[in-house]
Amino acid sequence: MNNNNLRIGIIGTGAIGGFYGAMLAKGGNDVHFLLRSEYDAVVANGITVNSLVNEQLHLQPVQAYQNAADMPPCDWILVGAKATSDDLGELIAQAAKPDAKVVLLQNGLNNEDKLRPFLPDSVHLIGGLCYVCLFREGPGLIKHQFNGMVDLGYHSGPAQSDADAQKALLEEGAALFKSGNIPTRILPGVDAARWQKLVWNAPFNGTSVVLNAGTKALLASEASRKLIGDMMEEVVSAAKACAVEMPDGLGQKLLAGTAMMPDYHPSMYHDWLHKRPMELDSLYGEMLRQAAAAGCSMPKTEALLDQLTFIQNGYLNADQA
């Protein structure tokens, strides 16, 4: 199939959705963006990606919508909305073709299992793991600092018991991303990859908030580097307790790779900075529950979650007062 004949919907046009959607649109694809608070700004000014890796990208005009029901039926839907969103199933069902392929670009564990009951049975659900450093600088303004690779793994849907059909769908997805100059890998599943990504995400996201620091400062301090390394080992131990295979020396490899990156403040830091709900359950709660059920203790990670919960309750409760 010619990828240019596919219609792509972006649910959640923040940093992730805006970046990948704009890259795909630049590649000649028919991309439609769902926006809420930033709709007027994006219609007026478009989407701009200021990249340290690629040339600046400015997408204007943008096929933008305030309501998912107004979007044309889409063949592929990329979900860039946070795991804290509570109406994704309804939004996806409104924008998806009956046999649409939905790629869930979220952090954390079991995101696909939680979303699946809210989707039509005819929709294919694919786990998508993003390895990218970026953040929103303002409405429709995205700063891209590093990487951009996406992993794809089939989760559920009509091809559940057909390995060849799954392979064909994932290859179609990989070709689609390739048309936007986005490196892509195909995985046999998503569970192990989500655990591996948590080895970086859980320590760095939370400590960036609690210590109010980016990756350079966190690695420069012996104390914070040790804390992050210890929590990485906790995640690896929890994964193994849950019968998930993990590569040897993964934590040290991730620390070395992070040292090569530009100074980066993870997504949770920006949620905290703008006083938005943080993805605490998807990044920590679900992992801690699975670890506890497997008889694995994660004391430093649990303490980090307690601190993050205190911080979040402080500003969310203040907003409600």
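Please read all numbers here as calculations on a predicted model, not as lab measurements.

Chemist: Got a minute to help me understand the packing of helix H6 (residues 191–210) against helix H9 (residues 250–259) in this structure?
Modeler: Helix-helix packing: each pair is described by the crossing angle between the helix axes and the interaxial distance. Close contact between H6 and H9 brings their axes to 10 Å; oriented N to C, the two are set at 60°. Taken as axis vectors, H6 and H9 run oblique relative to one another. Relative to H9, H6 is oriented so that their crossing is right-handed. Facing Gln196, Val199, Trp200 and Phe204 of H6, the residues of H9 in contact are Leu250, Gly251, Leu254, Leu255 and Thr258. Across the contact of H6 with H9, the residue classes tally to 6 nonpolar, 3 polar and no charged.

Chemist: What should I look at first to understand the layout of surface pockets in this one?
Modeler: Using a probe with the size of a water molecule, rolled over the atoms, empty space left in the structure can be pinpointed. Empty space within the second largest pocket amounts to approximately 300 Å³. Taken together, 20 residues make up the lining of the second largest pocket; nearest its centre are Ala83, Ser85, Asp86, Leu88 and Lys114. Counting residues per element, the ones that place at least two in the lining of the second largest pocket are helix H3 (88–95), helix H4 (111–115) and helix H11 (280–293).

Chemist: How do you make sense of the pairing of strand S7 (residues 96–105) when you look at a structure like this?
Modeler: On a regular strand, one side chain projects to one face of the sheet and the next to the other, so that they alternate. Counting buried positions along S7 yields 7 of 10 residues, so the element is predominantly enclosed. In the sheet, strand S6 (residues 74–79) pairs with S7 via 5 bridges, with the strands oriented parallel. Residue pairing in the sheet places Cys74 in a bridge with Ala96 of S7. Crossover connection from S6 via H3 to parallel S7: handedness right-handed.

Chemist: Is there a simple way to explain the packing of aromatic side chains in this structure?
Modeler: Think of a pair of aromatic rings as described by two things: how far the centres are apart, and how the planes are tilted against each other in angle. Summed over the entire model, instances satisfying the criterion amount to 5 aromatic pairs. Considering the side-chain rings of Phe19 and Tyr20, the 4.9 Å spacing of their centres and the 75° angle between planes classify their relative orientation as edge-to-face. Judged by its relative accessible area of 0%, Tyr20 is buried. Relative to Tyr264, the ring of Trp200 lies with its centre 6.4 Å away and its plane at 35°, an arrangement referred to as tilted. Here the residue Trp200 occupies a position in helix H6, and Tyr264 occupies one in the loop between H9 and helix H10 (267–273), the gap between them amounting to 64 residues. Trp200 gets classed as buried once you look at its relative accessible area, which sits at 13%. Through successive ring pairs, a cluster of aromatic residues spans Phe19, Tyr20 and Phe177. Stacked on the ring of Tyr131, the Lys or Arg Arg185 has its end atom at 5.7 Å from the ring centre.

Chemist: Is there a simple way to explain the pairing of strand S9 (residues 141–156) in this structure?
Modeler: Counting buried positions along S9 gives 12 out of 16 residues, so the element sits mostly inside the fold. In the sheet, strand S3 (residues 47–51) pairs with S9 via 4 bridges, with the strands oriented parallel. Pairing of Asn50 across the sheet is with Lys143, part of S9. Turn length for the strand S8 (residues 124–138)-S9 hairpin, with the two strands adjacent in sequence and antiparallel, is 2 residues, and the turn residue Gly140 shows positive phi of about 75°. Here S9 runs beside strand S10 (residues 184–187); their pairing, made up of 4 bridges, is parallel. Within S10, the position partnered with Leu152 by the bridge is Ile186.

Chemist: Explain the nonpolar core here, please?
Modeler: One broad trend across soluble globular proteins is that nonpolar side chains are buried collectively. Counting residues in each nonpolar core, the largest one holds 41 residues, and the members touching the most others are Trp195, Tyr284 and Met287. Breaking this core down by element, the ones donating at least two residues are H6, helix H7 (215–220), helix H8 (222–241), H9, H10, H11 and helix H12 (299–320). When neighbours within four sequence positions are excluded, Met287 is seen to be in contact with Leu109, Trp195, Leu198, Ala202, Val235, Met298 and Thr301. Val31, Ile47, Val49 and Trp76 belong to the second largest nonpolar core, which has 39 residues in total.

Chemist: Mind showing me how you'd approach the pattern of salt bridges here?
Modeler: Side chains that differ in sign of charge can pair as their charged atoms come close. Counting across every chain of the model gives 17 salt bridges. Here Arg7 ties to Asp30 by a salt bridge, and the two come within 3.7 Å at their closest N and O atoms. Of this pair, Arg7 sits in strand S1 (residues 7–11) while Asp30 sits in strand S2 (residues 30–34); the two residues are 23 residues apart in sequence, bridging distant segments of the chain. For Arg7, a relative accessible area of 25% translates into the label partly exposed.

Chemist: What am I meant to see in empty space enclosed by the protein here?
Modeler: In total, this model carries 1 cavity of 30 Å³ or more according to the counting rule given. Size it by volume and the largest cavity reaches roughly 50 Å³. What lines the largest cavity is a set of 13 residues, among which Thr13, Gly14, Glu38, Gly140 and Ile142 lie closest to the centre. Of all the elements in the fold, those that place two or more residues in the lining of the largest cavity are helix H1 (15–26), S8 and S9. The residue makeup of the lining of the largest cavity, split by class, is 6 nonpolar, 5 polar and 2 charged.

Chemist: What is the right way to read H8 from this model?
Modeler: With 20 residues, H8 ought to run about 28 Å at 1.5 Å a step, and its terminal C-alpha atoms sit 28 Å apart, in line with that. Where H8 terminates, the next one or two residues include Ala243, which has phi positive at roughly 65°.

Chemist: Sorry if this is basic, but what is going on with the state of the cysteines here?
Modeler: Such a bond, covalent and formed between the sulfur atoms of two cysteines, is termed a disulfide. Using the criterion set out here, one finds 0 disulfides in the structure. Cysteine Cys74 shares no disulfide, and the gap to the nearest cysteine sulfur, in Cys130, comes to 18 Å. Residue Cys74 is classed as buried on the basis of its relative accessible area of 0%. The cysteine Cys296 is free of any disulfide, with Cys242 supplying the nearest cysteine sulfur at 7.4 Å.

Rules of the game
Within each chain, residues carry numbers counting from 1 in the order of the written sequence. pLDDT decides what is reported in this predicted model: residues at 70 or higher carry local features, side-chain atom pairs at 80 or more are listed and counted, and totals for whole chains, interfaces and linings draw on all residues regardless. Side-chain measures were taken over the full set of non-hydrogen atoms in the model, leaving aside hydrogen atoms and water. Every angle, taken between N-to-C directions, lies between 0 and 180 degrees, and every axis is a line fitted to C-alpha atoms, over only the stretch in contact when it is a helix. For helices the rule is a DSSP run of H or I covering at least 4 residues; for strands it is a run of E covering at least 2, with both sets numbered from the N terminus onward. Roughly parallel covers angles under 35 degrees, roughly antiparallel covers those over 145, roughly perpendicular covers 65 to 115, and oblique covers all other angles. Two helices crossing with the near one rotated counterclockwise from the far one by less than a right angle form a left-handed crossing, whereas a clockwise rotation gives a right-handed crossing. By the convention used here, residues are in contact when the closest approach between their heavy atoms is within 4.5 Å. Asp, Glu, Lys and Arg are counted as charged, while Ala, Val, Leu, Ile, Met, Phe, Trp, Tyr, Cys and Pro are counted as nonpolar; the rest, among them Gly, fall into the polar class. Buriedness for pockets is judged along seven lines, at least five of which must meet protein on both sides within 12 Å for an open set on the 1 Å grid over protein atoms alone, while cavities are sets there where a 1.4 Å probe fits but cannot get out, and lining residues have an atom within 4 Å of a point. Grid points are joined across faces, edges and corners, and a volume is the space filled by probe spheres set on the points. Each residue's exposure class comes from its accessible area (1.4 Å probe, protein chains only) as a fraction of the maximum for that residue type: buried when under 20%, exposed when over 50%, partly exposed otherwise. In this scheme, strands are said to pair when DSSP sees at least two bridges between them. The crossover handedness rule: strands pointing away from the viewer, path from first strand over the helix to second strand clockwise, crossover right-handed. Two rings from Phe, Tyr or Trp (for Trp, the six-membered ring) form a pair when their centres are within 6.5 Å of each other. A pair whose planes differ by under 30 degrees is stacked, one over 60 is edge-to-face, and the rest are tilted. In our convention, an over-ring charge means Lys NZ or Arg CZ found within 6 Å of a ring centre and within 35 degrees of that ring's normal. Within this scheme, the nonpolar core is defined by two criteria: the residues are buried Ala, Val, Leu, Ile, Met, Phe, Trp, Tyr or Cys, and they are joined through side-chain atoms within 4.5 Å. Here, a salt bridge means any Lys or Arg side-chain nitrogen found within 4 Å of an Asp or Glu carboxyl oxygen. To estimate how far a helix should extend, the number of its residues minus one is multiplied by 1.5 Å. Here, a disulfide means two cysteine sulfur atoms that sit within 2.5 Å of each other.

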